[in-house]
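Each chain, written out:
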Amino acid sequence: MKKRNLSIIICLLAGQTFAQSLPQLGKDKVKDVIAAMTLEEKVNMVMGLGNATWSNPKDGKPTVIVPGAAGCTYDIPRLGIPSTVMADGPAGLRIVAEPNNAQGTRYCTAFPTATAMASTWNTDLEEQVGKAMGNEVLEYGCDVLLAPALNIQRNPLNGRNFEYFSEDPVVAGKMAAALVRGIQSEGVGTSIKHFAANNQETNRGSINEVISQRALREIYLRGFEIAVKESDPWTVMSSYNRINGFHSAENYDLLTTVLRKEWGFKGMVTTDWTSGTDWVNQMHAGNDMIMPGEQKQAEELLKAVKDGRLDEKVLDENISRILEYIMRTPRFKDYHYSNKPNLKENALTALHAAEEGMVLLKNDNNALPFKKVKEVALFGKTSYHFIAGGTGSGEVNYYHAVSLQEGLENAKYKLAIPLKNYYTNIIDSILGANTDAQKEFGGNKKFAIDRMSEIGLSENLIRTCAKKTDIAVITLGRTTGEGSDRKENDYFVLSDAERSMIQQVCDAYHAAKKKVVVVLNIGGAIETESWKNYPDAILLAWQTGQEGGNAVAHILSGKVAPSGKTAQTFPVKYADVPSSKTFPGEPSDNPINSFYTDGIYVGYRYYDSFNVKPSYEFGYGLSYTTFKYSDLKLSSTTFNGKMDVTITVTNTGKVAGKEVVQLYFSAPQNTIEKPVQELRGFAKTRLLKPNESQTLTFTLDGRALASYWSGISSWVADAGKYEVKVGSSSRNIRATASFNLDKSMVIEKDHYALQPDRHVKEISVKM
Ligand code: BGC
């Protein structure tokens, strides 16, 4: 007995000595930890463990640390390397709500989608939303939120526009940076995605986006550049698509030359989930981790090292960035998560964010806020089933999304009961039973309602409502999602049923001298020109997250004055969109190449330069109050490397409100063609009471003056007169000033990179 005990002690001691002699992550140098890895461990280390779907090579079992998370990283316990957890996505944490284990029910907060957040133009608020998301990531045991997504909203039919911020890279970059700062302030990481030019879902894994170097630098990379430089995201996710011939994950120019050498990114790059085809080249390009990871990929990398196609040093370098990332994570720091994030507080943050992102598009004769309204007739299926966000990895498992019906009832309005019963009976029959509508959308009840056609109404019901109620509110809804783009006719324009609902309700209510409000619960721009004259007011609520109905009710009632502005143009018709002829690529039935013939002329840059009148312009939004702009001052009349612009904004109306102030530059058109104006900065005032003022300051550097000259791979500021325009929208400039640049200046010299692999003929104002 004694002898056996002794041998156990000896064995234990030997084991301890062996473990101690091995380098440990966090205690020893990263390079020593890497040197202690076997080649097999190294190839596994650059491969993810795709949660439930892929097996851990160590035991052949799937690694599930947090159910519903998108993936994990590989662990090597003997070297002190834990597995870390990555979860989606941009509108809140996406994990399985009811994991069916001891950890209990884990619902997450659905925040307004990125498009709605961009409409707040409030980076402080976006940072708060980030903090709230970060709190849920941390307390539910995850290490990285796979967000924000900041591709450019180049075309309104892109299925993922709701996950993206804007058509403008400055808005996208600044909002993304704010979200990253907020999330990471909680000690968890982010993954800015999808780097880059993932502007369509059609054939997203293979499509070759053919884009000029200038358009890439000024439009499609610029937001990422701002986010990297202003927020230091822990990770970047390369995109599925090709850019000028190469898959993003296999693109050395993109991931190493531009991202790391030029912008100074120090973090880890992962692929998007199953992207690209050449894993060896992914390693060479500086794509450190292949997600979600597959055994065949590990085998291929192992073979490549053995037959000399992949230098082990390349693997070591990628692993060193992975280990640096792991050392930052809560899991490495052995954080004991509670499974109890501040859901109540976070719901309030989601509510305020939703309120502030709402854009008042029309308000004839001050139809809003409600005056003497007691009973409301609520039309449209979406009024009773609000859309919190889109589908796919950007979806959140929230507990409940507040509908407009509930929001108005919470705000103590009476609703027209026959109308409510009519809609809710139909909706309940779909939600309750396994109907055809449900089957069509994969049994997903939520989307069955969102995507089914509008419910028809009898004239009699409308007439009775017009007689009995004080006002009509109609909600139109749209859902889109990952994996497919939409069509002009099934998404962008109104359906016949929607159109006749608007017409019939407006006719009946106007005949009764009562007003009609349309609420848009949508994820991206739709056609508004042909019907916007009918209702008295239009509120663009966007996809509002879980608190949508309450937020809309607060705006309708006047508890909160709207202060959102569009961060994308609403064109008169789809054919006006500069990419409408080339989206989603050629050949049109199964695109291989997508030619970006619109070049730098994306969104307002196009509409303003080519004199195409939009239905609602970029940066547009009304309030319940009015604002005066005064005292525009520049710190100097000539540019010496830096310029301060100040402007005073005064609330001249009768209620408190916030104003979004936009700063545009018109650069001299000497040498190369430029858009007539470009957004160079923005700010939002605090809540100003009537007569209260605030002075805002914008600090601009040389890049604000510069355009990208592809021939010399440089950002160049042309000599001449620069007009500074401060506006309440892109087409409502409220104050102007100018300054001179005496000599043209090369502001920054970059590498020659990312040249198109085939000719792309861009549009020009000179054509
Ligand atoms: C999406 C990413 C997402 C990933 C993991 C991909 O299909 O494009 O945005 O983060 O899946 O779920």
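Reference entry: report on the structure contained in this document. (Residues numbered from 1 in each chain as written. Predicted model: local features only at pLDDT ≥ 70, side-chain atom pairs only at ≥ 80, totals over all residues. Heavy atoms only, no water.)

## Notes on the overall build of the chain
The cut-off we apply is this: Numbering of helices and strands runs from the N terminus; a helix is a DSSP stretch of H or I covering at least four residues, while a strand is a stretch of E covering at least two. For a compact globule the rule gives 2.2 Å times the number of residues to the power 0.38, and the radius of gyration it is set against comes from C-alpha atoms. The buried label goes to any residue with under 20% of its type's maximum accessible area, the exposed label to any with over 50%, and the partly exposed label to all in between, with areas taken from a 1.4 Å probe on protein chains only.
Along the chain, the regular secondary structure elements total 22 helices and 27 strands. At 27 Å, the chain has a C-alpha radius of gyration in line with the 27 Å of a compact globule built from 767 residues. Each principal axis of the C-alpha atoms in the chain carries an extent, and together these give about 100 × 70 × 55 Å. For the chain, the residues scored as buried account for 63% of the 767 residues in total.

## Some words on the site of the ligand
Going by this rule: Proximity is defined per residue: if any heavy atom of the residue lies within 4 Å of a molecule or strand, that residue is considered near it. Think of a polar contact as two N or O atoms within 3.5 Å of one another; within protein, one of them needs to be a possible hydrogen donor and the other a possible acceptor, and neighboring residues in sequence only count if both atoms come from side chains. Surface exposure here means Shrake-Rupley accessible area, sampled with a 1.4 Å probe, where a residue is shielded only by the protein chains that are shown. Side-chain classes follow a simple rule in which Ala, Val, Leu, Ile, Met, Phe, Trp, Tyr, Cys and Pro form the nonpolar group, Asp, Glu, Lys and Arg form the charged group, and the remainder, Gly included, forms the polar group.
For the ligand, the set of nearby residues contains 13 residues, the closest of which are Asp88, Arg160, His194, Asp272 and Glu482. Side-chain polar atom of His194 to an oxygen atom of the ligand: 2.7 Å apart, as the coordinates give it. Within the side chain of Asp272, an N or O atom sits 2.6 Å from an oxygen atom of the ligand. When the ligand sits alone it has 310 Å² of accessible area, and the protein chains cover 91% of it. Of the residues contributing to the shell around the ligand, the split by class is 5 nonpolar, 2 polar and 6 charged.

## Details of the packing of aromatic side chains
Definition in use: Stacked, tilted and edge-to-face pairs are distinguished by plane angle, under 30 degrees for stacked and over 60 for edge-to-face with tilted covering the rest, among Phe, Tyr and Trp rings (Trp via its six-membered ring) whose centres lie within 6.5 Å. In our convention, an over-ring charge means Lys NZ or Arg CZ found within 6 Å of a ring centre and within 35 degrees of that ring's normal.
In total, this model carries 23 aromatic pairs according to the counting rule given. Consider the rings of Tyr601 and Phe610, whose centres lie 5.0 Å apart with planes at 85°: the pair is edge-to-face. Assessed through its relative accessible area of 2%, Tyr601 is described here as buried. Every member of this aromatic cluster is reached through a ring pair, and the members are Trp121, Tyr604, Phe618, Tyr664 and Phe682. A cation over a ring is seen here: Arg154 above Tyr596, with NZ or CZ 3.6 Å from the ring centre.

## What to know about the pattern of salt bridges
Pairing between side chains becomes possible if they bear opposite charge and their charged atoms approach one another. Just so we agree on the cut-off: Whenever Lys or Arg places a side-chain nitrogen within 4 Å of a carboxyl oxygen from Asp or Glu, that contact is recorded as a salt bridge.
In this structure the tally under the stated criterion is 48 salt bridges. For the salt bridge of Lys296 with Glu294, the shortest nitrogen-to-oxygen distance reads 3.8 Å. Here the salt bridges share partners, and the residues they tie into one network are Arg160, Glu163, Glu201, Arg204 and Glu482.

## Some details on the sheet that holds strand S11 (residues 359-363)
Using the following cut-off: Should DSSP find at least two bridges between two strands, the strands are taken to pair. Contact criterion: two residues are considered in contact whenever any of their non-hydrogen atoms come within 4.5 Å of each other. The angle between two axes is taken between their N-to-C directions and runs from 0 to 180 degrees, where each axis is a line fitted to C-alpha atoms and a helix contributes only its stretch in contact.
One open sheet holds the 6 strands; their spatial order is S11-S16-S15-S14-S12-S13, and the pairing between them is mixed. Of all the strands in the sheet, the pair left with one neighbour each is S11 and strand S13 (414-415). Where strand S14 (residues 471-477) meets strand S15 (residues 515-521), 7 bridges bridge the pair, whose relative direction is parallel. Each bridged residue has a counterpart across the sheet, and for Ile474 the counterpart in S15 is Val518. Packing of helix H15 (residues 417-432) onto the sheet brings it into contact with strand S12 (375-379) and S13, and relative to S12 it is tilted by some 25°. Along the sheet, helix H21 (residues 548-557) contacts S14, S15 and strand S16 (537-540); its crossing angle with S16, the most-contacted strand, is approximately 145°.

## A few points about helix H7 (residues 213-220)
Judged by how many residues are buried, H7 sits mostly within the fold: 8 of 8 residues are covered. Looking only at H7, the buried set comprises Gln213, Arg214, Ala215, Leu216, Arg217, Glu218, Ile219 and Tyr220.

## Some remarks on the nonpolar core
Put simply, the rule is: What is meant by a nonpolar core is a set of buried Ala, Val, Leu, Ile, Met, Phe, Trp, Tyr and Cys residues, joined one to another through side-chain atoms within 4.5 Å.
Counting residues in hydrophobic clusters, the biggest one holds 131 residues, and the most contacted among them are Phe195, Tyr220, Phe370, Phe379, Leu408, Leu419 and Leu520. Once you skip the residues sitting within four places of it in the chain, Leu408 turns out to touch Phe370, Val376, Leu378, Tyr413, Leu415, Ala553 and Leu556. One finds Phe111, Ala147, Met289 and Ile322 within the second-largest nonpolar core, a separate group that totals 74 residues.

## Some thoughts on H21
Across the 10 residues that make up H21, a large majority, 9, are buried. Of all the positions in H21, only Gly548, Gly549, Asn550, Ala551, Val552, Ala553, His554, Ile555 and Leu556 are classed as buried. Against the buried residues of H21 lie helix H13 (343-357), helix H14 (404-410), S14, S15 and S16. One or two residues past the end of H21 sits Gly558, with phi positive at roughly 95°.

## Topic: the sheet that holds strand S1 (residues 48-49)
Strands sit in the order S1-S2-S3-S4-S5-S7-S10 across an open sheet of 7 strands; the sheet is mixed. The outermost strands of the open sheet, each flanked by one partner alone, are S1 and strand S10 (268-270). As defined by bridge partners, strand S4 (residues 144-145) adjoins strand S5 (residues 189-195) across 2 bridges and the pair is classed as parallel. Among the inter-strand pairings, Leu145 is bridged to a residue of S5, identified as Thr190.

## Details of the state of the cysteines
Applied cut-off: By definition, disulfides here are pairs of cysteine sulfur atoms that lie within 2.5 Å.
Under the defined criterion, the tally for this structure stands at 0 disulfides. Free of any disulfide, Cys108 has its nearest cysteine sulfur in Cys142, 7.9 Å distant.

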